[in-house]
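Each chain, written out:
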Amino acid sequence: MSEKDFLAQRFEEHRPHLRAVAYRMLGSLSEAEDAVQEAWFKLSRSDADEVQNLGGWLTTVVGRICLDMLRSRTTRREDPLHDQDGRIHLPDPVVSRADGLDPEQEILLADSVGIALMVVLETLSPAERLAFVLHDMFAVPFEEIAPVLGRTAATTRQLASRARRRVQGAAPAPDADPARMRTVVEAFLAAARGGEFDALVALLDPEIVARSDGGTLLPSVLRRGAAEVASQAITFARFAESGQRVLVNGTPGVVSRSAEGRLLSVMAFTIRDGRITALDILTDPERLARIDLGVLDG
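Cut-offs and rules
- The written sequence of each chain sets the order in which its residues are numbered from 1.
- Given that this is a predicted model, residues contribute local features only at a pLDDT of at least 70 and side-chain atom pairs are listed and counted only at 80 or more, while totals for whole chains, interfaces and linings are drawn from all residues.
- Calculation of side-chain values draws on the structure's entire complement of heavy atoms; hydrogens and water are dropped beforehand.
- Secondary structure elements are defined from DSSP: runs of H or I of at least 4 residues count as helices, runs of E of at least 2 residues count as strands, and each element is numbered from the N terminus.
- Classification of residues uses two cut-offs on accessible area relative to the type maximum, computed with a 1.4 Å probe and protein chains only: under 20% is buried, over 50% is exposed, and between them is partly exposed.
- Values of accessible area rely on a 1.4 Å probe in the Shrake-Rupley scheme; residue burial ignores everything except the protein chains shown.
- Convention adopted: a line fitted to C-alpha atoms gives each axis, helices being fitted over their contacting stretch, and angles between N-to-C directions are expressed from 0 to 180 degrees.
- For classification, angles of less than 35 degrees are called roughly parallel, those exceeding 145 degrees roughly antiparallel, those between 65 and 115 degrees roughly perpendicular, and all remaining angles oblique.
- By definition, turning the near helix anticlockwise from the far helix through less than a right angle yields a left-handed crossing, and turning it clockwise yields a right-handed one.
- Contacts are assigned to residue pairs that have any heavy atoms within 4.5 Å of one another.
- Here, a salt bridge means any Lys or Arg side-chain nitrogen found within 4 Å of an Asp or Glu carboxyl oxygen.

**Q** Describe the overall build of the chain, and please don't skip the residues or the numbers.
**A** Assigned secondary structure in the chain consists of 14 helices and 7 strands. Expressed as a percentage of its 298 residues, the buried residues of the chain come to 50%. When the accessible surface of the chain is totalled, it reaches about 14100 Å², and 50% of it is carbon and sulfur.

**Q** Describe the packing of helix α5 (residues 115-122) against helix α8 (residues 153-170), listing the residues and the values that go with them.
**A** In the contact formed by α5 and α8, the axes pass within 10 Å of each other and the chain directions differ by 140 degrees. When the axes of α5 and α8 are compared, the pair comes out oblique. Along this stretch, α5 crosses α8, giving a crossing that reads as right-handed. Residues Leu 117, Val 120 and Leu 121 of α5 form the contact with α8, whose participating residues are Arg 166, Val 167 and Ala 170.

**Q** Any chance you could break down unusual backbone geometry for me, citing the residues and the numbers?
**A** Notably, Ala 139 is not glycine yet its phi reads approximately 55 degrees, a positive angle. Among the structural elements, Ala 139 can be located in the loop between α6 (126-137) and α7 (142-149). In the Ramachandran plot, Asn 249 falls in the positive-phi region, its phi being about 55 degrees despite a non-glycine side chain. Mapping Asn 249 onto the fold places it in the loop between β4 (243-248) and β5 (251-257).

**Q** Which residues make up the environment of Thr 235, and what values go with them?
**A** Structurally, the position occupied by Thr 235 is in helix α11 (residues 226-235). The spacing of Thr 235 and Gly 195 is 40 residues in sequence and 8.5 Å in space, taken between C-alpha atoms.

**Q** Explain the pattern of salt bridges to me, using residue names and the numbers behind them.
**A** For the structure on display, the rule yields 13 salt bridges. As a salt-bridge pair, Glu 12 and Arg 15 come within 2.9 Å of each other at their nearest N and O atoms. Placement of the pair is Glu 12 and Arg 15 together in helix α1 (residues 3-26), with a separation of 3 residues, close to one helical turn. With a relative accessible area of 41%, Glu 12 lands in the partly exposed category. Judged by relative accessible area, Arg 15 falls into the buried class, the value being 17%. For Glu 122, the salt bridge goes to Arg 73, with nearest N and O atoms at 3.6 Å.

**Q** Requested: an account of the environment of Ala 160, with residues and values cited.
**A** Positionally, Ala 160 belongs in helix α8. As a C-alpha pair, Ala 160 and Glu 128 span 32 residues in sequence and 5.8 Å in three-dimensional space. Contact partners of Ala 160, with chain neighbours within four places excluded, come to Ala 131, Phe 132, Asp 136 and Phe 142.

Such coordinate-based values are descriptive only and should not be taken to indicate function.
So this is what it looks like as structure tokens:
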């Protein structure tokens, strides 16, 4: 085996971890792949013999690449949750079969990275996001994160602390019991199909937030409150009618398909204390087309 082949083999061992880092940093699966590939280019052009901790080195390299990508992104749009046309832009969902994740998805979604958490990460500044993701999610010491940001370790610690408070306030830990969550989702779908407004309201947190990314089937909307979201759920009950049960970022969700099998929507539920606190719906045809249906069909 040549030295380059050996280096490539070592890099592939770290690829799943690096994808997990990049996904949390960028909220985009395709951009995460680009960031990881850029890390490989940097490694292949470096003197790898001088790298004592390859995993740690690659993690900070991917972090730096993602930081640059985030900073470039913020120059193109003022609101991190909206695209240049003003439409809501949701993070990419990781969709898998209802009976479980494959090993690669398990690594990608370790620590229960739900859509609601990814939405909150989108609202952080690039520096806050890097400090929080690398330290709180991947245990990278502040002393190693600081040079990436060009800050002191103390300032980096403050960035992570500020981000942590925002995350905990906006995305508290959801329920961890899959069976209980499935029960809530099934009850929601049944109530939506039956037009049972009161039953829907009972399943929704009073402060629920429902977001749609503004594809061709649903407008780009942000709705708040149980009554408004319940009314909208009944209006679009056809999505519940043809829904296939799946996992979205590791928790129960629903996808809807056309008669030809094309994806029409992905619905992600965030459930806390037995009530739905957030409902995120992806309907953008271009992004839906990138989801691997082979994963769902097994």
